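Fold and geometry: a report
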Amino acid sequence: METIGFYAGSFDPFTNGHLQIVRKAANCFSKVIVGIAYNNEKKTRINKEEMKQAIERTIQELELKNVKVVLYNGLTVKEAQKHGANILIRGLRNGTDYQYEEDIAETNQKISGLDTCYFRAGELGYLSSSLVMELWQNGVEISEFVPTAVVEILKKKV
């Protein structure tokens, strides 16, 4: 049976922590779909199409042939089902993340039947998109926190 995992997020921006989760998932599943969600509740800092291209470039450079990137609106579980996913993928940085994610996972399973697989962030557990953007906006070099393609997008924004 083919196992297809769906890893959703706003990825604003996509960090090396996100990339670590994608790499781990790519080793565990036949196919991984990275879903970049349009979230009307969140202010978007980076154009979603540009972020999609940067993630695709990073995936290609790492030769992760079983990973695909999509943009979507609406419920994550609906998009996951549209792509034939049979599991949702989430990354965990700490215990607070776990409780938050577990509440969402329970709801997702009730409405779709899809279970959630968690991957530990490990040594990148401190890293968040918000932290990266705060560092960037204050002139701190962020190339160790995000893929090169993401740094290039941010440099264009200045």
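Structure first, text after, so check above.
Let me begin by describing the structure that accompanies this report. None of the values given here were measured: they were computed from a predicted structure.

**Description of the nonpolar core**
- Membership of the largest hydrophobic core comes to 35 residues, with the highest contact counts inside it found for Phe11, Phe14, Val22, Met51, Ile55, Val67 and Ile89.
- Every element with two or more residues in this core is listed here: helix H1 (16-28), strand S2 (31-37), helix H2 (48-61), strand S3 (67-72), strand S4 (87-92), helix H5 (129-137) and helix H6 (148-157).
- Counting 12 residues, the second-largest nonpolar core is a separate cluster that includes Ile4, Ala8, Ala37 and Val70.

**As for H1**
- Taking 1.5 Å per residue as the helical rise, H1 with its 13 residues ought to reach 18 Å, and the 19 Å between its terminal C-alpha atoms agrees with that figure.
- Every buried residue of H1 is accounted for by Asn16, Gly17, His18, Leu19, Gln20, Ile21, Val22, Ala25 and Ala26.

**Some details on the pattern of salt bridges**
- What the rule picks out here adds up to eight salt bridges.
- The shortest N-O distance in the salt bridge between Glu152 and Arg57 comes to 2.5 Å. Of this pair, Glu152 sits in helix H6 while Arg57 sits in helix H2, placing them 95 residues apart in sequence.
- On the accessibility criterion, Arg57 (32% relative accessible area) is partly exposed.
- One salt-bridge network, in which partners are shared between bridges, spans Arg57, Glu61 and Glu152.

**Section: the packing of H2 against H6**
- Viewed as axis vectors pointing N to C, H2 and H6 meet at an angle of 150 degrees, and their least axial separation amounts to 8 Å. The angle between H2 and H6 places the two elements in the roughly antiparallel class. For the pair H2 and H6, the sense of crossing is right-handed. Contacts from Glu50, Met51, Ala54, Arg57 and Thr58 of H2 reach H6 at Thr148, Ala149, Val150, Glu152 and Ile153.
- Here the residues of the contact of H2 with H6 are counted per class, giving five nonpolar, two polar and three charged.

**Observations concerning unusual backbone geometry**
- Cis geometry marks the peptide bond from Asp12 to Pro13; its omega dihedral reads 10 degrees.
- Position of Pro13 relative to the elements: it lies in the loop between strand S1 (4-9) and H1.
- Phi is positive for Glu63, which is not a glycine, with a value near 55 degrees.
- Assignment of secondary structure puts Glu63 in the loop between H2 and S3.
- Residue classification places Glu63 among the exposed residues on the basis of a relative accessible area of 59%.

**A closer look at the packing of aromatic side chains**
- Summed over all chains, the structure comprises six aromatic pairs.
- A ring pair is formed by Tyr7 and Phe11, whose centres lie 5.3 Å apart and whose planes are at 65 degrees; its orientation type is edge-to-face.
- Between Phe29 and Phe119, the aromatic rings sit 6.4 Å apart at their centres with planes inclined by 80 degrees, giving edge-to-face as the arrangement. One end of the pair, Phe29, is in the loop between H1 and S2; the other, Phe119, is in strand S5 (residues 115-120), with 90 residues separating them in the sequence.
- One aromatic cluster is present, formed by Tyr7, Phe11 and Phe14 through successive ring pairs.

Reading the values: the criteria
- Residues numbered from 1 in each chain as written.
- Predicted model: local features only at pLDDT ≥ 70, side-chain atom pairs only at ≥ 80, totals over all residues.
- Heavy atoms only, no water.
- Core = buried A, V, L, I, M, F, W, Y, C linked by side-chain atoms within 4.5 Å.
- Buried < 20%, exposed > 50% of the residue type's maximum accessible area, 1.4 Å probe, protein only.
- Helix = DSSP H or I, 4+ residues; strand = E, 2+ residues; numbered from the N terminus.
- Expected span 1.5 Å × (residues − 1).
- Salt bridge = Lys/Arg side-chain N within 4 Å of Asp/Glu carboxyl O.
- Axes fitted to C-alpha atoms, helices over the stretch in contact; angles between N-to-C directions.
- Parallel < 35°, antiparallel > 145°, perpendicular 65-115°, else oblique.
- Left-handed = near helix turned anticlockwise from the far one by under 90°.
- Contact = heavy atoms within 4.5 Å.
- Nonpolar A, V, L, I, M, F, W, Y, C, P; charged D, E, K, R; others polar.
- Phe/Tyr/Trp six-rings, centres within 6.5 Å; stacked < 30°, edge-to-face > 60°.

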